[in-house]
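# Structural overview for review
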Amino acid sequence: MSNGIPLTEALARYRSDAELGPLPEPVDVEALLNTYHPDHLRDSVVKLTVGANAGDSCQRELAALLQAEAFIDEADLAGTPVTDVDVLVIGGGGAGCAAALMAAEKGARVLLATKLRLGDSNTVMAEGGIQAAIEPDDSVQRHIQDTLRGGHHAGDPALVSAMAEDGPEVLRWLIQQGMQFEQTTGGDLHTRRAGGMSTPRLVHCRDYTGLEMMRVLREAVIQHRSIEVWEQSPVVELLSNETGQKCVGAVLTSLLDDRLRIVRTRSVILATGGLGRLHLNGFPTSNHLGATGDGLVLAYRIGASLCELDSFQYHPTGLLHPSHLAGKLVTEGVRAAGALLVNALGERFIDELQPRDVVCAAILRECSEGRGIRVDEQRVGVWLDTPRLERAQPGLLEKQFPNLMTRTRIAGVDPRAQPLLIHPTLHYQNGGVVIDVNGATTVPGLYAVGEVSGGIHGRNRLMGNALLDIISFGRRAGAAATSNRDRGPKKVTLEHVNRLRRELTIAGMPMTQRSPQVLPDYAAGGAWDR
Amino acid sequence: MTIKNPSASTADASQSVALTINGVAVNAHAGVTVVEAAWEGGVPRVTGVGCMEGVCGSCRIMLKRGKQVSVGLACQTFVENGAEVIFLPPASAPRHHYELNDFKDGWDIHERFQDIFPEAARCRHCHGCDVSCPKGIKVEEGVAQAAAGRFRDAGETFFECVMCELCDGACPELIAPAHVGLFSRRVTAHFHLRPPNLIHRLEELRQDKDKPGMTREEKDE
């Protein structure tokens, strides 16, 4: 990409009080998405050859990991220490903590294992808020309709209904755990309207909603008597029963001592999050370091069905600059508060509160048609017009978006004086492991909650539905996982690994790559010895 | 503390900066953070990294520049010539234990607090916590507010806390300020946050459940 207007020229041209023309006529959304959204890039998608989704479309880099060799086989299990628990939760973000807390409330002995530190997650970075239909003119039904429409009607209505109905109760539960929210002077929870919402429904804690949620849940987990936490402990493989049909535990390693450990359990809850750190299609990502899609790989190998594997969310407003924050988000809340998107010519080009995929495609169109702002050969973006917002509502940025202000201040950028240069960034995995309303996958004994699961957000997630999703289904799976009162596994095997290995051999697939990924290559430096 | 990066926007990437990370000599491009430098330099076992935008509190480091020693977050610290950086191990398990469900109501919360965090009243005003906080929180003031039973104010003081727990490590009285802050925030929500719009909707949904004959659409009309 060498087209676009150079940064210095665009900056000289920019004025926060310039007269903005009217929005261009709305374009054909389908055509816009088909031409510019990264999901539709040529060669981005392949067909899966083996496993429960053989024949389905899947993003290319993900397909390679799903159809790869495992790290361990039976010989590795001999002599490995075994821990028995009622419920094993894999993942230490919001979904994992909610599931662990709910299972513990129901009386289970819970082990929560997390790859990095408890709380290292995408949850902690969620700035915007959490959706719940609590305003007088809003309803659960409208929440369901908005969510299905935003997801291009690819979502499962049963899952969407379950989540939307949980909304108000989820807020009550979070407040009981000790989470604070922004209030109006009358004491109501303050709501905002963001992209794809027909009415204000976004409840928030300034622009630190995810941090507030995560630190409260993290503390609740640490303090809970029935929950044990293992940090720096990635799962390298699940365990199955003799027939390879049921999930009965997992094999974990340690980033600290590289030793394997077996956990035997009645139920496993996958809460491993997304895969932004695979940098699909070469995009930067907003995700935390551990988001490498491990849960998808583990679930697929044990036979679980996945869905929408070719649909990812690229958040419209990732920072392009400064470089150490490349790909990191400017919350949609800033647009919800009134900030506009402006191209290098000083024109608006899209209704900023359209769903994220539409706004993303429109930005990529501006960049590719020469109306972007060019930093160098690789980097082209558009303006997020924060100075105009500051002119219209003085003090708003400092008061409502302290997180944004703190991050940019360190880099010597003041969004009140200078517009932010942004470009879409890989943000969210829309699909994932197929679940029912209890978070149960198609494999007995295995649950999946949060970003690793699929079917809720269709092919595009609305802002604020991720934080609701993780708590709603986290609690549901935590409760359901404790209902399994059998005597626990007699034998733990890797039968499912052998099964996939046979399928790969028969299909003549190369078995040179191993998965799960655990850490991105650039960060692996000796930490995770393959 | 965080090092300001005055050259972030204009950093000359060709300029090289020499420092050590966990004892390993690293040459890094100017303008990169310590996390990026550790990766580029192939420093082994740097797994205490999470969000890379300063909100998860994982990448705790100790930083020595000349004779000056400070602590901070690696993703918010830019490389400097001659700096010696050590990634700190994760904080040890908390020493103060409580479950909110054990509290009956808000009247005895001050008493409970003194049982759970008896050290909070013994602050010797050494400012170790204030100096160690990468977010510039007035930690000492927050602890004093909590010790005086002003939990709402204390919680607000700790608003930007990212739970890096560097203040816990800096406290000679073992007060665990980060957990004092979180306790203050949690009890404030748990006992005092009662929003009418949420409560009204919960009540409507409860009544809906009691009237199974009526669909939600009809109710909306």
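Residues numbered from 1 in each chain as written. Chains lettered and ligands numbered in written order. Predicted model: local features only at pLDDT ≥ 70, side-chain atom pairs only at ≥ 80, totals over all residues. Heavy atoms only, no water.

### Notes on the overall build of chain A
A count of helical and extended segments in chain A gives 17 helices and 23 strands. Radius of gyration (C-alpha) of chain A: 23 Å, near the 24 Å computed for a compact globule of 530 residues. Taken over the C-alpha atoms alone, chain A extends approximately 75 × 55 × 40 Å along its principal axes. Relative to its full complement of 530 residues, chain A shows a buried share of 66%. Relative to all contacts within chain A whose residues are 6 or more apart in sequence, the contacts with residues 24 or more apart total 74%. (Helix = DSSP H or I, 4+ residues; strand = E, 2+ residues; numbered from the N terminus. Rg over C-alpha atoms; globule rule 2.2 N^0.38 Å. Buried < 20%, exposed > 50% of the residue type's maximum accessible area, 1.4 Å probe, protein only. Contact = heavy atoms within 4.5 Å.)

### As for the sheet that holds strand E13 (residues 261-264) of chain A
Residues and elements named next belong to chain A. The sheet built from 4 strands is open, its strands ordered E4-E13-E12-E11 with mixed pairing. On the outer flanks of this sheet lie strand E4 (82-84) and strand E11 (235-240), each paired with one strand and no other. Here the average twist between neighbouring strands, direction ignored, is 25°. (Pairing = 2+ DSSP bridges. Axes fitted to C-alpha atoms, helices over the stretch in contact; angles between N-to-C directions.)

### As for the sheet that holds strand E3 (residues 60-65) of chain B
All names here are of chain B. Reading across from one edge, E2-E1-E5-E3-E4 is the order of the 5 strands in this open sheet, with mixed pairing throughout. If you trace the sheet from one side to the other, it starts and ends with strand E2 (24-29) and strand E4 (68-73), each paired once. When the angles between neighbouring strand axes are averaged without regard to direction, this sheet yields 30°.

### As for the domain arrangement of chain A
One widely used convention gives an interface's size as the accessible area the parts lose upon coming together. All names here are of chain A. Assigned domains within chain A: domain 1 (5-36 + 318-426) and domain 2 (74-311 + 430-481). Taken over C-alpha atoms, the centre of domain 1 sits 30 Å from the centre of domain 2. Per-residue buried area on domain 1 facing domain 2 is highest for Arg-356, Asn-403 and Leu-426; these three make up 28% of the total on that side. Counting the contacts that link domain 1 with domain 2 gives 1 salt bridge. Among the salt bridges present, the one from Arg-407 reaches Glu-127, with a minimum N-O distance of 2.7 Å. Put simply, domain 1 and domain 2 have 18 residue pairs in polar contact (both at pLDDT 80 or more) between them. Elements with a contribution of two residues or more to the side of domain 1 that touches domain 2: helix H10 (332-336), helix H11 (356-368), helix H13 (396-400), helix H14 (402-410) and strand E20 (420-429). If one sorts the elements of the side of domain 1 that touches domain 2 by residue count, H14 sits on top with 5 residues. The class makeup of the residues in the side of domain 1 that touches domain 2 is 12 nonpolar, 9 polar and 6 charged. (Domains from an automatic or database assignment. Buried area = accessible area lost by both parts, 1.4 Å probe. Salt bridge = Lys/Arg side-chain N within 4 Å of Asp/Glu carboxyl O. Polar contact = N/O pair within 3.5 Å; in protein donor to acceptor, adjacent residues only side chain to side chain. Nonpolar A, V, L, I, M, F, W, Y, C, P; charged D, E, K, R; others polar.)

### Description of the pattern of salt bridges
Taken as a whole and assessed by the stated rule, the structure comprises 47 salt bridges over all chains. The partner of Glu165(B) in a salt bridge is Arg117(A), and the shortest N-O contact between them spans 3.5 Å. With one member in each of two chains, Glu165(B) in the loop between helix H5 (151-157) and helix H6 (166-170) and Arg117(A) in the loop between strand E6 (110-113) and strand E7 (130-131) form a pair that bridges those chains. Pair check on accessibility: Glu165(B) and Arg117(A) agree, each one buried.

### Structural notes on the interface of chain B and chain A
Contact residues are listed per partner, giving 60 residues for chain B and 70 residues for chain A. When chain B packs against chain A, the two sides together hide about 5,800 Å² of surface, and 51% of this comes from carbon and sulfur. Contact with chain A buries area across many residues of chain B, yet Glu53(B), Phe159(B) and Arg201(B) alone supply 12% of it, more than any other trio. A salt bridge links Arg185(B) to Glu212(A); the nearest nitrogen and oxygen atoms lie 3.1 Å apart. Applying the counting rule to chain B against chain A returns 24 residue pairs in polar contact (both at pLDDT 80 or more). Mapped by element, the contributors of at least two residues to the side of chain B that touches chain A are helix H1 (34-40), helix H7 (177-192), helix H8 (196-210) and helix H9 (216-220) of chain B. When residues of the side of chain B that touches chain A are assigned to their parent elements, the largest contribution, 7 residues, is made by H7(B).

### Focus: the nonpolar core
If you look at the biggest cluster of nonpolar residues, it comprises 199 residues, and the most contacted ones within it are Leu66(A), Ile130(A), Leu174(A), Phe181(A), Ile21(B), Phe87(B) and Phe183(B). The contacts of Ile21(B), once residues within four sequence positions are left out, are Val26(B), Val34(B), Ala37(B), Ala38(B), Val43(B), Val85(B) and Phe87(B). (Core = buried A, V, L, I, M, F, W, Y, C linked by side-chain atoms within 4.5 Å.)

### Some points on the state of the cysteines
Residues and elements named next belong to chain B. The tally for this structure, following the rule as stated, stands at 0 disulfides over all chains. Left without a disulfide partner, Cys-123 is nearest to the cysteine sulfur of Cys-129, which lies 6.3 Å away. Here Cys-123 falls in the partly exposed class, since its relative accessible area comes to 22%. Here Cys-161 stays unpaired: no disulfide links it, and the sulfur of Cys-167, its closest cysteine neighbor, is 6.4 Å away. For Cys-161, a relative accessible area of 11% puts it in the buried group. (Disulfide = S-S within 2.5 Å.)

### Some thoughts on the packing of helix H5 (residues 94-105) of chain A against helix H15 (residues 465-481) of chain A
Residue and element names in this part refer to chain A. Their axes nearest at 7 Å, the elements H5 and H15 cross at an angle of 35°. Taken as a pair, H5 and H15 cross one another with a handedness that is right-handed. Only Ile-470, Ile-471, Gly-474, Arg-475, Gly-478 and Ala-479 of H15 make contact with H5, whose side of the interface consists of Gly-94, Ala-95, Ala-98, Ala-99, Met-102 and Ala-103. When its residues are assigned to classes, the contact of H5 with H15 shows 8 nonpolar, 3 polar and 1 charged. (Left-handed = near helix turned anticlockwise from the far one by under 90°.)

### A short note on the pairing of strand E14 (residues 267-270) of chain A
All names here are of chain A. Of the two faces of E14, both are covered, the one formed by Ser-267 and Ile-269 as well as the one formed by Val-268 and Leu-270. The pairing of E14 with strand E22 (residues 446-448) spans 3 bridges and is classified as parallel. Bridge pairing in E22 places Ile-269 opposite Tyr-447.

### Section: the environment of Tyr208(A)
Relative to the assigned elements, Tyr208(A) resides in the loop between strand E9 (202-203) and helix H8 (209-223). Classification of Tyr208(A) by relative accessible area gives buried; the value is 1%. Considered as a pair, Tyr208(A) and Asn403(A) are 195 residues apart in the sequence and their alpha carbons are 6.7 Å apart. With near-sequence residues (within four places) excluded, Tyr208(A) lies in contact with Ala126(A), Glu127(A), Pro402(A), Asn403(A), Thr406(A), Val55(B), Phe159(B) and Glu160(B).

### A closer look at the packing of aromatic side chains
For any two aromatic rings, the description comes down to two numbers: the centre-to-centre distance and the angle of the planes. Residue and element names in this part refer to chain A. Inspection of every chain in the model, using the stated rule, returns 13 aromatic pairs over all chains. Relative to Tyr-314, the ring of Phe-283 has its centre 4.7 Å away and its plane inclined at 65°; by these criteria the two rings are edge-to-face. You can see Phe-283 sitting in the loop between E14 and helix H9 (294-301) and its partner Tyr-314 sitting in strand E16 (residues 312-319), a full 31 residues away along the chain. Looking at Phe-283, the relative accessible area reads 10%, which means it is buried. One residue, Arg-461, lies across the ring of Tyr-428, its end atom 4.0 Å from the ring centre. (Phe/Tyr/Trp six-rings, centres within 6.5 Å; stacked < 30°, edge-to-face > 60°. Lys NZ or Arg CZ within 6 Å of the ring centre and 35° of its normal.)

### Details of a nonpolar patch on the surface
The grouping of Met62(B), Val69(B) and Ile86(B) at the surface amounts to a nonpolar patch, some 240 Å² of accessible area in total. For Met62(B), a relative accessible area of 35% puts it in the partly exposed group. (Patch = residues over 30% accessible without salt bridge, like charges linked within 9 Å, V, L, I, M, F, W, Y side chains within 5 Å. Areas by Shrake-Rupley, 256 points an atom, 1.4 Å probe, with all protein chains shown as cover.)

### Side note on helix H4 (residues 139-147) of chain B
All names here are of chain B. Taken together, the buried positions of H4 are occupied by Val-139, Glu-140, Gly-142, Val-143, Gln-145 and Ala-146. Buried residues in H4 make contact with helix H2 (109-116), helix H3 (128-132), H5, H6 and H7. Looking at the residues trailing H4, positive phi occurs at Gly-149, about 85°.

### What to know about the packing of H8(A) against H7(B)
In contact at an axis separation of 11 Å, H8(A) and H7(B) are set at 105° when each is read in the N-to-C sense. Overall, the two elements H8(A) and H7(B) adopt an arrangement that is roughly perpendicular. Side by side, H8(A) and H7(B) meet where Glu212(A), Arg215(A), Val216(A), Glu219(A) and Ala220(A) of the first sit next to His179(B), Leu182(B), Arg185(B) and Arg186(B) of the second. Along the lines of polarity and charge, the residues of the contact of H8(A) with H7(B) split into 3 nonpolar, 1 polar and 5 charged. (Parallel < 35°, antiparallel > 145°, perpendicular 65-115°, else oblique.)

### Let's talk about the environment of Gly195(A)
All names here are of chain A. Within the secondary structure, Gly-195 is located in the loop between strand E8 (191-192) and E9. Given the relative accessible area of 3%, Gly-195 is considered buried. C-alpha separation for the pair Gly-195 and Gly-333, spaced 138 residues apart in sequence, amounts to 9.1 Å. Setting aside residues no more than four positions away along its own chain, Gly-195 makes contact with Glu-332, Leu-353, Gln-354 and Leu-462.

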